[in-house]
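Examining the three-dimensional arrangement
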Amino acid sequence: MTEANQANNQPSHRYGAPLAGEIEKKWRDFWAENGTFHAPNPVGDLAPGAGEHLPEDKLFVQDMFPYPSGAGLHVGHPLGYIATDVYARYNRMLGKNVLHTLGYDAFGLPAEQYAIQTGTHPRTTTMANIENMRRQLDQLGLGHDERRAVATTDTEFYRWTQWIFLKIYNSWFDPDQQKARPIAELIDELESGARRTADGRTYSELSDAEKRAAVDDFRLVYLSNSMVNWCPGLGTVLANEEVTAEGRSERGNFRVFRKKLSQWMMRITAYADRLVDDLEKLDWPEKVKTMQRNWIGRSQGAEVTFRAPGADGTEVPITVFTTRADTLFGATFMAVAPEAELIDQLVAEGEYAADVDKRWTYGASSPREALAAYRRDIAAKSDVERQENKDKTGVFLGTYATNPVNGAKVPIFAADYVLAGYGTGALMAVPAHDERDYEFARAFGLEIIPVLDGDVSEQAFIGDAEHINSANDAGLNLNGLGKQEAIEATVDWLVVEGHGTGKVQYKLRDWLFARQRYWGEPFPIVYDAEGHPHSLPEDMLPVELPEVEDYAPAAFDPEDATSEPQPPLAKVTDWVEVELDLGDGPQTYYRDTNVMPQWAGSSWYQLRYIDPTNKDALVDIENERYWTGPQSEEDCGGVDLYVGGVEHAVLHLLYSRFWHKVLYDLGYVTSSEPYRRLYNQGYIQAYAYTDSRGVYVPAAEVEERDGTFYYQGEEVTQEYGKMGKSLKNAVAPDDIVRDFGADTLRVYEMSMGPLDTSRPWATKDVVGAHRFLQRLWRLIIDEETGEVYTRDAELTDDDNKALHRTIAGVREDYAHLRDNTVVAKLIEYVNYLTKTYPGEVPLAAVEPLVIMVAPVAPHIAEELWSRLGHDETITFVSFPTFEEKWLVDDEITLPVQVNGKVRGRVTVPADADQDAVVDAALADSKIASHVEGKDLVKKIVVPGRMVNLVVK
Ligand code: ANZ
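Counting of residues starts from 1 at the beginning of each chain's written sequence and follows it residue by residue. Reporting in this predicted model follows two pLDDT cut-offs: at least 70 for local features of residues, and 80 or more for side-chain atom pairs to be given and counted; totals over whole chains, interfaces and linings ignore these cut-offs and use all residues. Excluded from the side-chain calculation are hydrogens and water; included are all heavy atoms of the structure.

Let us look at the UniProt feature "domain: Leucyl-tRNA synthetase editing" (unreviewed entry) in the protein chain. UniProt positions are given in the numbering used here, feature names are shortened, and annotations may be inferred rather than shown by experiment. What UniProt calls "domain: Leucyl-tRNA synthetase editing" (unreviewed entry) maps, in this numbering, to residues 293-491. Note on conventions: DSSP H or I runs of at least 4 residues are helices, E runs of at least 2 residues are strands, and numbering of each starts at the N terminus. Segment residues 293-491 splits into 23% helix and 22% strand. End C-alpha atoms: 25 Å apart.

This part takes up the sheet that holds strand β33 (residues 946-951). Strands in a sheet are paired, the pairing made by backbone hydrogen bonds, and the direction either parallel or antiparallel. Spatial ordering of the open sheet is given by β31-β30-β33-β32, a layout of 4 strands whose pairing is mixed. Two strands lie at the open edges of the sheet, namely β31 (901-909) and β32 (936-942), each paired on one side alone. Shown here is a sheet whose adjacent strand axes are inclined to one another by a mean of 20°, direction ignored. Strands were regarded as paired on the criterion that DSSP finds at least two bridges between them. An axis is simply a line fitted to the C-alpha atoms; with a helix, the fit covers only the stretch in contact. Between two such axes, the angle follows the N-to-C directions and lies from 0 to 180 degrees.

Glancing now at the pairing of strand β19 (residues 586-591). As defined by bridge partners, strand β16 (residues 525-527) adjoins β19 across 2 bridges and the pair is classed as antiparallel. Its bridge partner lying in β19, tyrosine 527 is registered against tyrosine 590. As judged from the 5 bridges shared by strand β18 (residues 577-581) and β19, these two strands associate in the antiparallel manner. Of the residues in β19, the one forming a bridge with leucine 580 is glutamine 587.

This next bit is on helix α28 (residues 914-923). Taken as a whole, α28 has its buried residues at Val917, Val918 and Ala921. In an axial view of α28, the angular spread of the buried residues amounts to 95°, which keeps them on one side of the axis. The exposed residues of α28 that point more than 90 degrees off its buried face are Asp915, Asp919 and Ala923. It only takes one pair of heavy atoms within 4.5 Å for two residues to be counted as in contact. Buried residues in α28 make contact with β30 (891-898), β31, α29 (925-931), β32 and β33. Only protein chains enter the calculation, and the probe is 1.4 Å; a residue is then buried if its accessible area is under 20% of its type maximum, exposed if over 50%, and partly exposed in between. Of all possible arcs, the one meant is that of the directions from the helix axis to the C-beta atoms.

A few words now on unusual backbone geometry. Peptide bonds are mostly trans, and most non-glycine residues show a negative phi. Here the amide bond leading from leucine 541 into proline 542 is cis, since omega sits at -5°, within 30 degrees of zero. With a phi angle near 50°, glutamine 712 is a residue other than glycine that sits in the positive phi range. You can see glutamine 712 is positioned in the loop between β25 (708-711) and β26 (714-722). Phi at leucine 817 is positive, roughly 60°, even though this residue is not glycine. For leucine 817, the position within the fold is in the loop between α24 (797-815) and α25 (819-836). For leucine 817, a relative accessible area of 4% corresponds to the buried category.

Looking now at the sheet that holds β18. Ordered in space as β17-β16-β19-β18, the 4 strands form an open sheet in which the pairing is antiparallel. Of all the strands in the sheet, the pair left with one neighbour each is β17 (533-535) and β18. Between one strand axis and the next, the sheet turns through 50° on average, direction left out of account.

Before going further, it helps to spend a moment on the packing of aromatic side chains. A ring pair, where both rings are aromatic, is described by two values, the distance of the centres and the angle of the planes. Ring pairs shown here join Phe, Tyr and Trp side chains whose ring centres sit within 6.5 Å, with only the six-membered ring taken for Trp; geometry is labelled stacked below 30 degrees between planes, edge-to-face above 60, and tilted in between. Applying the stated rule across the entire model yields 51 aromatic pairs. Aromatic pair phenylalanine 333 and phenylalanine 413: ring centres 6.0 Å apart, planes at 85°, arrangement edge-to-face. Of this pair, phenylalanine 333 sits in strand β10 (residues 333-336) while phenylalanine 413 sits in strand β12 (residues 409-415); the two residues are 80 residues apart in sequence, bridging distant segments of the chain. Here phenylalanine 333 and phenylalanine 413 have matching classes, each one buried. Here phenylalanine 413 and phenylalanine 440 contribute two aromatic rings whose centre-to-centre distance is 5.2 Å and whose plane-to-plane angle is 75°, an arrangement assigned as edge-to-face.

A word on the environment of aspartate 199. Relative to the helices and strands, aspartate 199 is located in the loop between α7 (183-192) and α8 (208-216). Residue classification places aspartate 199 among the exposed residues on the basis of a relative accessible area of 53%. For the pair aspartate 199 and serine 299, spaced 100 residues apart in sequence, the C-alpha separation works out to 26 Å. Reaching out from aspartate 199, the side chain makes a polar contact with the side chain of threonine 197 at a distance of 2.8 Å. Among the polar contacts listed, one links the side chain of aspartate 199 to the backbone nitrogen of arginine 201, at a separation of 3.2 Å. Any pair of N or O atoms that falls within 3.5 Å is considered a polar contact. Within protein, one atom must be able to donate a hydrogen and the other to accept it, and sequence-neighbouring residues count only if both atoms are side-chain atoms.

Here it is as structure tokens:
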């Protein structure tokens, strides 16, 4: 350091990048060698060693773990990691046992795509990326327990992912107890006759194959022939989020076809009520709770049955789901999803009647032809497109249904704005009060009957109003009623008359849990010669991902809708085919060739952090109880603080809540929620630049001249957005650490603004944080000699006031993740000391300062602490406490009015009584001059506010 500083012509012991680098390396090595951040567990491998003890008070802090991408980290990533580290370090100083680590969510597409392009094994790239990220993170001085840092791709990790899959597969949801139970208990109930099969038959009458199917119907994981997004161009099915509004793949822009395929599904819908209701117990941002509620989309409504003559002459019931049973008198047509199986029973034989409106026939002469043509035309449309298209399309089925409240005959249409997967796939259309029905009615010339007192001449009337046109002679009269009363009256009437029932409906769908890819967890499932699935026994785990030569899925003609997926694992025939004894003697079985979706590992990783080396269980329940168990009757338990971006508000957090609840029901954990408290940090944003084609250019190479920006001589346009690879505006933490040190980066990131708001990155402002640390250093260390520059001296009252106020404020701020105001208060205190003590500063003023700095800038704090003569690490030193007496002001200044006009101010002890305040006021010559020679008739003192003197 000395040489580096001399070369720069600086005092040899000034705090600058070289010195910071040296200090930081020294302390990181110290922490690593001493296992400073190792948090002991109650039992198992990580239980306290000799001389260690297990504090009762604990804290489990967690970050949303990163995907180890090849691009490494930019300065936006560590924002949350630093904030959790500061919080963790602060809590260690309060005496808590703190669990904090960071793993890697390492399965997934980018590594696989890279493998396909380069032939490198995804494990190789993934490991290299993890190594690089670990090195980057390591520089930041994060106090992680590295023994607990798992990657989802570790065989010892995914063994347990597969184990959880087996537990879910071998469970069913008991609607009476509202919880998951082992499938064996279901079989007992079926065998004893205590429970009937899903289709109502008695179990003992069934054949073996039927018994198997009956049990499968109850499982929380099941094979379903469901509509999926099949993309032959990519050779895989895609999640809805991966398909564009035009029905093409987000990646590659290939056509996507809706196709029925047999796929693994997880019955998350069984948990819909608990997932909504338990949100109440969580300390989460209201916004995230709302997003989860909307996603689950519980709506209270009714099922109403209309009746229509079927094609074969029998009567066909058409049940619809509605949230507005009160609008039944306004139902003027019905609409059915074109894919609904019900349609085939309804569509009339023969030609359309001669008087049928031409708009209804889709240019065909018969309903059957019209339907066939319509179905062909809409096959490639996505749900979103179907829902949002304002130009409504559909075909008349040539038949009419009877409205149960008034006997009206209403035409039935197939229309693509009705979703096959929601409600019953059919709806009663009330054009007067529903926007989509209104658009359809206008396009098809259908009747619009208002049943709420509002204007429907231009658009549907959506608001609440009194009912009109809503009475029959069978005892139902809604006229004059408001919405809620009318809904209740209608549902009561429907139930009595046998036309309907109350019903709760959810938007949530079961979770499609299979991908035709390579880089994911294999399923612990094999199929026998008849194609029946069998779950593997636990002792056959893990099912390791086999090595392959070729990672690509089979290639297809991108336009061929009839192709079938063939995952890469299907090509590994010597892996697929296995000889196993599953209880019936050795037989040949065939492995499932799908892999789990990337969500799997992140749905439970917090539990493995607790017990990363446990060979016998995913987590020992004693360790789980200690770290995440409920702390009171009402408490759901879970990680004490989970920090990450709001983009994970729904899927990740819903999936992990679901898995956790299953594990809770089965008795493997004591907490009923994974994350008790959630915090969304803001984003780091930065300027980005586009050239004349709108393409992003590297922000680091843009130059400014007189307010105009240039890249390689060309003028470019400045914009502003989330830092990242896509906007080419990433700044690497490595550069900031090299130029200023990690402590400076930490202080800068924490001081940029409140943690939950987005903030602009400005490399030029980093120096401000650096100067603060320089002043702190200079306060304690002589820059010329490197000697400690303090003395033993009593603190003055002013010193005590400044110190205790800082302690009180900083404690409060650290506890609430307000690190930006922590830094502001520390700066103020350092400035006070610098000004007050140009020479040696009292030790009693700086020791607590160094401790207070330690959570945000731990390396410099350790160094100063040790130079102040302490042998132990600062990590566990008690955080300073404050004395109340220094927080109260001991003097106050009050305005003094004479006859209502302010004539001066008076400063008095805070506890002075009324007479003393008046005496002090009168002692002031300016005020006295207004009173002199007059009669003081009234003396009013409003404590803490003002003095008013009335004279005559
Ligand atoms: C009559 C009605 C009158 C409706 C009215 C709304 C307003 P939420 O609240 O989202 O659950 N619906 C029913 N099944 C449907 C399907 N498969 N596809 C598209 N829409 C469907 O929506 C429930 C409402 O959406 C239901 O209530 C139904 O229209 C429609 F003034 O019934 B309603």
